Amino acid sequence: MPDLNPEQRAREQIDAQLLACGWVVQDYSAVDFSAGRGVALREVKLKTGRCDYFLLVDRKPVGMVEAKKEGTTLSGVAEQSARYASGLPDFLAAGFTGPLPFLYESTGVETFFRDQRDPDPRSRQVFSFHRPETLADWTAEPNTLRARLKAMPTAHPLVTSGMRQCQIEAITGLETSFAESRPRALIHMATGAGKTFTACAFTYRLIKYAGARRILFLVDRSNLGKQARDEFHGYRTPDTGRLFTELYNVQHLTSPNVDDVCRVTICTIQRLYSILRGEELAEGADDLSGAELAAALGSTRTRDVAYNPAVPIEKFDFIDMIATGTDIKPLEVLIFLRDVRSRVYFEQMKGRGTRVLSTTDLQSVSGEDARSKTRFIIVDAVGVCEGDKTESRPLDRQPTVPLKALLQRVLFPAGRDEDTLTTLAARLARLDRELEPAQRQQISTASGGQTPATLAGALLRAFDPDAIAEHATGRPGAEAQEIAPAQFEAARQQLIAEACAPFDKPALRQTLETLKKETEQALDIYTPDEVLSQGFDEAAKAKAAGLVQEFRDYLVQHHTEIDALQILYSRPFKHRLTELMLKELEKKLRDQHATWTEDRLWDAFAVTAPDQVKGRTQAGRFADLVALVRFALKQQPVLAPFADSVSERFDEWLAGKAKAGTVFTPEQLVWLRLIRDHIATSLTIETDDFDFAPFSQRGGLGKVYQLFGEKLPALLEELNEVLAA
């Protein structure tokens with residue numbers, strides 16, 4: 001079988017996915033509608049171009065699929081799909097009103113979908129294509145789910161009788177988010193505020209007024225699912241007073257079989273994951289939290305559970321179970337068996353005892369003498385109530401100490417106190433969020449494979465009692481109180497020494513300091529600026545002249561070592577200058593001097609030779625390094641933005657072509673100017689670049705080949721040489 005190119009591989013994968021979803025895939029020239037209800041036709045010619053797959057259900061057009069090779073940024077293809085969808089031939093558009101509703105963009109690995117009928121249509125990622133029956137049902141509906149969600153707050157106002165103010169605010173905020181086409185929302189409610197009741201209330205509204213077909217209610221363990229089921233069974237709808245389960249079926253999923261008639265399905269994350277994977281769920285796994293399930297399966301099977309057990313949704317033990325996610329309303333006695341230092345956590349635990357319930361429910365567990373729950377009892381076995389409670393502290397406890405000083409301190413045992421090391425960890429974590437991949441690689445190289453995140457993590461673990469206990473005993477789950485004080489301190493000091501060891505390398509310290517200067521900028525937002533004078537003083541001129549001379553000296557000394565300088569020195573160019581070469585030069589300059597940025601160098605030349613320097617543009621700053629080097633080497637008399645010189649050469653090239661008798665059509669000129677602008681910012685253009693914006697939005701590689709034909713490769717080569725020379 002011959003090797004497939006990326007586009008062919010994508011088509012092959014898309015074909016397979018469409019077939020798996022119930023579509024019959026056919027060539028347009030051999031269409032046979034008797035083969036199935038849903039037909040996906042390849043390469044259908046439309047008024048605005050040729051679409052990759054045209055979707056029909058019951059012979060009626062419903063949507064299309066735009067196929068791209070793997071790795072293509074699909075968000076930039078949406079405009080192309082929309083343009084195709086608006087250009088249906090008359091014979092396909094006959095009897096069809098409105099836009100073609102269902103548009104897909106797919107690489108066979110990643111698929112985006114949008115419904116053009118939505119109030120604010122936008123693409124979203126989906127697992128695969130929808131089945132023909134689903135699209136047929138959606139087409140038959142008078143409006144879309146998102147349109148119904150947009151109308152729901154005003155068309156069906158919330159009935160607030162019997163609801164707490166916090167519950168009203170939660171549902172109102174959620175429905176406002178839906179109405180504004182922001183489908184992802186988080187409701188955060190305090191302990192005892194009635195979160196499950198709130199969920200029942202807005203679930204009822206989603207089903208009745210938004211037409212939701214089925215609600216999936218995910219929980220962490222089976223007992224929470226039972227509580228949710230009981231809440232739905234006891235919930236009375238505010239408009240009719242009827243029980244929820246009299247109107248809609250509710251299923252608490254305890255097997256892989258989902259009941260098709262149920263409108264609410266309650267399921268644990270573990271069971272849902274097993275259903276999606278087509279695997280049997282281990283007996284009792286529903287009753288375990290993520291951490292407990294991972295421990296039961298063993299470390300080699302952590303990938304088989306529904307989420308990473310290293311960061312479980314909730315970590316439970318005896319007391320923690322009472323703190324989060326467990327709703328035991330008859331609870332009358334709360335027993336503390338270990339200390340709790342967090343004030344927020346302590347209040348959350350106590351909040352479990354404040355749950356109220358009806359007299360009937362209380363008597364079912366406490367006997368007929370129990371009239372009402374008016375109090376609960378705390379049994380404090382370890383002095384939790386008397387212990388100091390603290391709020392969370394910031395990691396950066398020494399904000400005025402420079403990074404350089406922190407890095408010096410940790411070289412010495414006396415400088416390795418908790419405040420210093422946690423502050424250093426905070427600075428590293430902050431730096432890690434601001435770094436580019438290439439900068440992060442510099443740190444990895446200097447540290448022997450570590451990143452700022454792993455360095456910070458080691459520093460923090462050195463003061464984590466649980467991590468110290470596990471290190472001292474070699475046993476996961478060990479606690480600090482099990483270990484003798486001397487053994488605990490020895491383990492702590494060993495972790496501190498290991499965490500600080502990487503900073504012994506001068507190369508790592510220097511790299512961290514350099515990157516910190518590049519990524520951080522101190523801003524004074526309080527002191528108002530005042531103009532004292534205009535112009536350059538002598539000190540500024542001298543400093544600029546020194547910077548220019550240093551830059552020129554560096555170019556002379558290193559022109560044989562750096563590929564970009566070798567090319568820029570040669571006249572005419574023996575090789576083509578690439579973006580990768582220019583980035584290497586830029587990095588070398590930054591390594592030599594952190595202030596040698598394009599902006600700083602340009603400003604320095606403007607001070608020393610103002611009559612020979614033109615202003616900079618905001619676009620194409622990276623490519624302006626070419627103009628800086630050429631001007632420094634005195635290869636051009638004026639320092640002007642690289643884009644300006646590209647534009648001038650382009651105009652000269654067009655004039656030369658016209659004299660030679662070559663005439664371009666208006667549409668070809670539009671594409672030539674797009675190619676010119678691309679070279680002005682990226683130095684070169686290759687055929688792969690046509691898969692990205694702005695080319696992809698106008699038809700991509702297929703369109704440019706249609707315009708220029710077999711002459712395209714030679715044309716690109718010529719433009720690369722002429723415009724970037």
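Residues numbered from 1 in each chain as written. Predicted model: local features only at pLDDT ≥ 70, side-chain atom pairs only at ≥ 80, totals over all residues. Heavy atoms only, no water.

Asker: What should I look at first to understand the overall build of the chain in this one?
Answerer: Scanning the chain from N- to C-terminus turns up 30 helices and twelve strands. Here the chain, with 725 residues, has 41% of them falling under the buried criterion. Contacts in the chain between residues at least 24 apart in sequence constitute 60% of all its contacts with a sequence separation of at least 6. Per element, the accessible surface of the chain, about 39,400 Å² overall, is 52% carbon and sulfur. (Helix = DSSP H or I, 4+ residues; strand = E, 2+ residues; numbered from the N terminus. Buried < 20%, exposed > 50% of the residue type's maximum accessible area, 1.4 Å probe, protein only. Contact = heavy atoms within 4.5 Å. Areas by Shrake-Rupley, 256 points an atom, 1.4 Å probe, with all protein chains shown as cover.)

Asker: Is there a simple way to explain the sheet that holds strand β5 (residues 102-106) in this structure?
Answerer: Pairing between the strands of a sheet comes from backbone hydrogen bonds, and it takes one of two forms, parallel or antiparallel. Read across the open sheet, the seven strands follow the order β1-β2-β3-β4-β5-β6-β7; overall the sheet is mixed. A single partner strand is all that each edge strand has here, and the edge strands are β1 (24-27) and β7 (124-126). Geometrically, the sheet is characterised by an average inter-axis angle of 30° between neighbouring strands, direction not taken into account. Examined bridge by bridge, strand β2 (residues 38-46) and strand β3 (residues 49-57) share eight bridges and lie antiparallel to one another. By the bridge assignment, Leu41 is partnered in β3 with Phe54. (Pairing = 2+ DSSP bridges. Axes fitted to C-alpha atoms, helices over the stretch in contact; angles between N-to-C directions.)

Asker: Explain the confidence of the model for the chain here, please?
Answerer: The predicted coordinates should not be examined in detail at positions where pLDDT is low. Here the chain shows a mean pLDDT of 79. Residues at 70 or above account for 81%. Here residues 295-325 scores under 50 on pLDDT; set against residues more than four positions off or in separate chains, the count is 60 contacts. (pLDDT = per-residue confidence, 0-100.)

Asker: What is the right way to read a negative patch on the surface from this model?
Answerer: A contiguous patch of negative charge, built from Asp464, Asp466, Glu470 and Glu479, is present on the exposed surface. Here Glu479 shows up in the loop between α19 (465-473) and α20 (485-500). (Patch = residues over 30% accessible without salt bridge, like charges linked within 9 Å, V, L, I, M, F, W, Y side chains within 5 Å. Salt bridge = Lys/Arg side-chain N within 4 Å of Asp/Glu carboxyl O. Lys, Arg positive; Asp, Glu negative; His and termini not counted. Charge placed at Lys NZ, Arg CZ, Asp CG, Glu CD.)

Asker: I tried to follow the packing of helix α16 (residues 418-434) against helix α21 (residues 506-519) on my own but got confused; where do I start?
Answerer: Put simply, α16 and α21 touch, their axes get as near as 10 Å, and they point 60° apart. Classified by the angle their axes make, α16 and α21 are oblique. Helix-helix and strand crossings are classified by hand; for α16 and α21 the assignment is left-handed. Contacts from Leu428, Leu431 and Glu434 in α16 reach Leu512, Leu515, Lys516 and Thr519 in α21. Split by residue class, the contact of α16 with α21 holds four nonpolar, one polar and two charged. (Parallel < 35°, antiparallel > 145°, perpendicular 65-115°, else oblique. Left-handed = near helix turned anticlockwise from the far one by under 90°. Nonpolar A, V, L, I, M, F, W, Y, C, P; charged D, E, K, R; others polar.)

Asker: What exactly am I supposed to notice about the environment of Leu601 here?
Answerer: Along the polypeptide, Leu601 turns up in helix α25 (residues 598-608). Between the C-alpha atom of Leu601 and that of Leu628, which follows or precedes it by 27 residues, the distance is 7.6 Å. Beyond its immediate sequence surroundings of up to four residues, Leu601 is in contact with Leu547, Phe551, Trp596 and Leu628.

Asker: Help me understand the pattern of salt bridges in this model?
Answerer: When the charged atoms of two side chains lie near each other, side chains of opposite charge can form a pair. Evaluated as defined, the whole model comprises 27 salt bridges. With a shortest N-O distance of 3.6 Å, Glu66 and Lys68 are connected by a salt bridge. Here Glu66 and Lys68 have matching classes, each one buried. Residue Glu718 is joined to Lys657 by a salt bridge in which the shortest nitrogen-to-oxygen separation is 3.2 Å. Placement of Glu718 in helix α30 (residues 712-723) and of Lys657 in helix α27 (residues 642-659) is noted, with a sequence separation of 61 residues between them. Judged by relative accessible area, which is 27%, Glu718 ranks as partly exposed. A cluster of three or more residues bridged by salt bridges with shared partners is formed by Asp137, Glu141, Arg148 and Arg213.

Asker: Could you clarify how one ought to interpret the nonpolar core in this entry?
Answerer: With 51 residues, the main nonpolar core has Phe551, Phe605 and Phe708 as its most contacted residues. When residues of this core are traced back to their parent elements, those giving at least two are α22 (538-558), α24 (579-592), α25, α26 (624-632), α27, α28 (666-682), α29 (700-708) and α30. Sort the elements by how many residues they give to this core and α26 lands first, with seven residues. If you look at the next biggest cluster of nonpolar residues, it comprises 33 residues, including Leu435, Phe488, Cys500 and Leu515. (Core = buried A, V, L, I, M, F, W, Y, C linked by side-chain atoms within 4.5 Å.)

Asker: Is there a simple way to explain α30 in this structure?
Answerer: Along an α-helix, a turn takes 3.6 residues, which lines up residues three or four apart on a common side. Helix length check: α30 (twelve residues) gives 16 Å between terminal C-alpha atoms against 16 Å at 1.5 Å per residue, within 8%. Listing the buried residues of α30 in full gives Leu712, Leu715, Leu716, Leu719, Asn720 and Leu723. Across the axial projection of α30, the buried residues extend over an arc of 135°, all falling on one side. (Expected span 1.5 Å × (residues − 1). Arc of directions from axis to C-beta.)

Asker: What should I look at first to understand the packing of aromatic side chains in this one?
Answerer: How two aromatic rings sit relative to each other is given by the distance of their centres and the angle of their planes. All chains considered together, the criterion is met by 16 aromatic pairs. Pairing Tyr104 with Phe113 gives two aromatic rings, centres 4.9 Å apart and planes at 40°, and the pair type is tilted. Relative accessible area serves as the criterion here: at 1%, Tyr104 is assigned to the buried category. Of the residues examined, Phe113 reaches a relative accessible area of 1% and is grouped as buried. On the numbers, 6.3 Å between centres and 50° between planes, the contact of Tyr204 with Tyr248 is tilted. Within this pair, whereas Tyr204 is found in helix α7 (residues 195-208), its partner Tyr248 is found in the loop between α9 (244-247) and β9 (250-252), the two being separated by 44 residues in sequence. Residue Tyr248 is classed as buried on the basis of its relative accessible area of 14%. A network of ring pairs unites the aromatic residues Phe102, Tyr104, Phe113, Phe129 and Trp138 as a single cluster. (Phe/Tyr/Trp six-rings, centres within 6.5 Å; stacked < 30°, edge-to-face > 60°.)

Asker: Sorry if this is basic, but what is going on with the sheet that holds β9 here?
Answerer: Overall, parallel pairing links the three strands, which are arranged β8-β10-β9 in an open sheet. Both edges of this open sheet fall to β8 (215-219) and β9, since each of them pairs with a single strand only. Strand-to-strand, the axes of this sheet are offset by a mean angle of 20°, without reference to chain direction. The sheet contact formed by β9 and strand β10 (residues 264-268) spans three bridges and is parallel. Note that in β10 the partner of Val250 across the bridge is Val264. Sheet strands touched by helix α8 (residues 222-234): β8, β9 and β10. Its angle to β10, the strand with the most contacts, is close to 160°.

Asker: Any chance you could explain the pairing of β2 here in plain terms?
Answerer: Within a regular beta strand, the side chains point alternately toward one face of the sheet and then the other, so they alternate between its two faces. Where β1 lies against β2, four bridges are found, and the strand directions are parallel. Across the sheet, the residue bridging to Asp27 is Arg42, located in β2. Linking β2 back to β3 in an antiparallel pair, the connection comprises two residues.

Asker: Would you take a moment to explain the side chain of Glu513 for this structure?
Answerer: Residue placement: Glu513 occurs in helix α21. Although buried, Glu513 forms no salt bridge, and the nearest oppositely charged side chain, Lys404, lies 4.6 Å from it. Excluding residues that lie within four positions of it along the chain, Glu513 makes contacts with Lys404 and Leu407.

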